[in-house]
Amino acid sequence: MARRCRITLDVRAKFSVSAIGGPVKTIKKAVQSFPRVPCALLPTPVHKLDRLSSELGISLHVKRDDMTGLAFGGNKARKLEYLLGEARARDAKVLIAVGSCQSNFCRMVAALGKIHDFEVHLVLGGAKPTFISGNLLVDRMVGATCHFVESHDWNDWLQESEKLTNWCIQKGKSVYAMPVGGSTPLGCMGYVQALGEIADDEKRLKTKFDRIYLASGSGGTQAGLIVAQAIAQWPGSIVGISVAQDGGAQRSVVSELVGETAGLLGVHLLDEEIIVDGDYLGEGYGIPSVEGDKAVELFANKESVFLDSVYTGKAAAAVIGHVKSGEIKAGEKILFLHTGGSVSLFA
């Protein structure tokens, strides 16, 4: 059974890289019309993992999006720059975010909302815990109101968010509500922009990455990178490791976001490939896996890079597994996108 799920989209890019002056300027031009509230510390560092590279027989670098700065960092900061820009443009006073009890996205919404004087409500899936720790501790410290939904079904969380949105509107409050992970076409702009940053990293490091590996959950990070790949004609592969559902279902989520994000930019993509590997999901979303936990331990022991069991650990396990299976060839240049989440190690 194939490790990767692939689809092909009928697409054409509207931006000419040569005419605009290279991939970075091309991507900047593509996203510049969208309102944005800078909150991330960018660019994030990239460094080589020398000991793991030697052990695995590849050239392995890590892009430290766990160091975006806002509330312990993470990939959601890039998305929130654009989502908050839209919220302010709409003159919203209330932010509503949806996620699991230990949601990294909700933690960052809570912190960003506090900084910008929003009233923040978090709809969190799972029973209300008896002990507050990890991301929930941050949520409480910054003053967010948490609403717990005793379900692991994302649809149940979204229904509760809709009810809460309607209640706030009835109270005369202007609301900006975001879905799980902030993965809307506008939120994806954060990672359209990020690929331009990665192109800058390649130039600075004098290297070309063959593949980018990342955890694919709500799908927005991978979708943004794929759209930017088409705009900038970046030649490598973007490999999403599903941490939310089986590979086919996750591929569909990413595919829909790719189409919507491209449409928002006025871009049509041609023969774009979406790669999703669902073999490292384990028992399901939010449930640690044996392979993932081994990868978390390996990265910590070898490089003092701290991953998490829900997202980045499973993506790192895929890198290791793909090397062992021969999917990644000896000497390949791999960029591992560290999307954050290590706060949950203390949950």
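Residues numbered from 1 in each chain as written. Predicted model: local features only at pLDDT ≥ 70, side-chain atom pairs only at ≥ 80, totals over all residues. Heavy atoms only, no water.

1. A closer look at the overall build of the chain
Secondary structure assignment for the chain yields twelve helices and eleven strands. Since a compact globule built from 347 residues should have a radius of gyration of about 20 Å, the 19 Å found for the chain is in line with a globular shape. Each of the 347 residues in the chain was classed as buried or not, and the buried ones make up 58%. Considering only residue pairs separated by 6 or more positions, the chain has 79% of its internal contacts joining residues 24 or more positions apart. Accessible surface for the chain amounts to roughly 14,700 Å². Of this, 51% is attributable to carbon and sulfur atoms. A gap of 6 Å separates the mean positions of the 38 positive and 37 negative side-chain charges of the chain. (Helix = DSSP H or I, 4+ residues; strand = E, 2+ residues; numbered from the N terminus. Rg over C-alpha atoms; globule rule 2.2 N^0.38 Å. Buried < 20%, exposed > 50% of the residue type's maximum accessible area, 1.4 Å probe, protein only. Contact = heavy atoms within 4.5 Å. Areas by Shrake-Rupley, 256 points an atom, 1.4 Å probe, with all protein chains shown as cover. Lys, Arg positive; Asp, Glu negative; His and termini not counted. Charge placed at Lys NZ, Arg CZ, Asp CG, Glu CD.)

2. Concerning the side chain of N135
Note on placement: N135 falls in helix α6 (residues 134-141). A relative accessible area of 0% places N135 in the buried class. Setting aside anything within four residues of it in sequence, one finds N135 in contact with Q102, S103, N104, R107, V343 and S344.

3. Examining the sheet that holds strand β7 (residues 175-180)
The strand order across the open sheet built from four strands is β6-β5-β4-β7, with neighbouring strands paired in parallel fashion. A single partner strand is all that each edge strand has here, and the edge strands are β6 (145-149) and β7. Neighbour-to-neighbour, the strand axes of this sheet turn through a mean angle of 20°, independent of strand direction. Across seven bridges, the pairing between strand β4 (residues 94-100) and strand β5 (residues 119-125) is parallel. Within β5, the position partnered with V98 by the bridge is V123. (Pairing = 2+ DSSP bridges. Axes fitted to C-alpha atoms, helices over the stretch in contact; angles between N-to-C directions.)

4. Things to note about unusual backbone geometry
For the peptide bond that leads from L42 to P43, omega is 0°, which places it in the cis range. For P43, the position within the fold is in the loop between α2 (23-31) and β2 (46-48). One non-glycine residue with positive phi stands out, namely A71, at about 50°. A residue is classified by how much of its surface remains accessible, and A71, at 17% relative accessible area, is buried. Of note, S304 is a non-glycine position whose phi angle comes to about 55°, a positive value. Summarising the element assignment, S304 is placed in the loop between α11 (290-303) and α12 (312-325).

5. Observations concerning a nonpolar patch on the surface
A cluster of nonpolar side chains, F306, L345 and F346, forms an exposed patch at the surface whose accessible area comes to about 350 Å². Note that F306 resides in the loop between α11 and α12. Relative accessible area serves as the criterion here: at 46%, F306 is assigned to the partly exposed category. (Patch = residues over 30% accessible without salt bridge, like charges linked within 9 Å, V, L, I, M, F, W, Y side chains within 5 Å. Salt bridge = Lys/Arg side-chain N within 4 Å of Asp/Glu carboxyl O.)

6. Section: the environment of S289
By the secondary structure assignment, S289 is in the loop between β10 (272-277) and α11. When the C-alpha positions of S289 and S309 are compared, they lie 7.3 Å apart, and in sequence the two are 20 residues distant. Contacts of S289, omitting those with residues within four sequence positions, involve Y280, G282 and K314. Among the polar contacts listed, one links the side chain of S289 to the backbone nitrogen of G292, at a separation of 2.9 Å. (Polar contact = N/O pair within 3.5 Å; in protein donor to acceptor, adjacent residues only side chain to side chain.)

The values are spatial; any link to function lies outside them.
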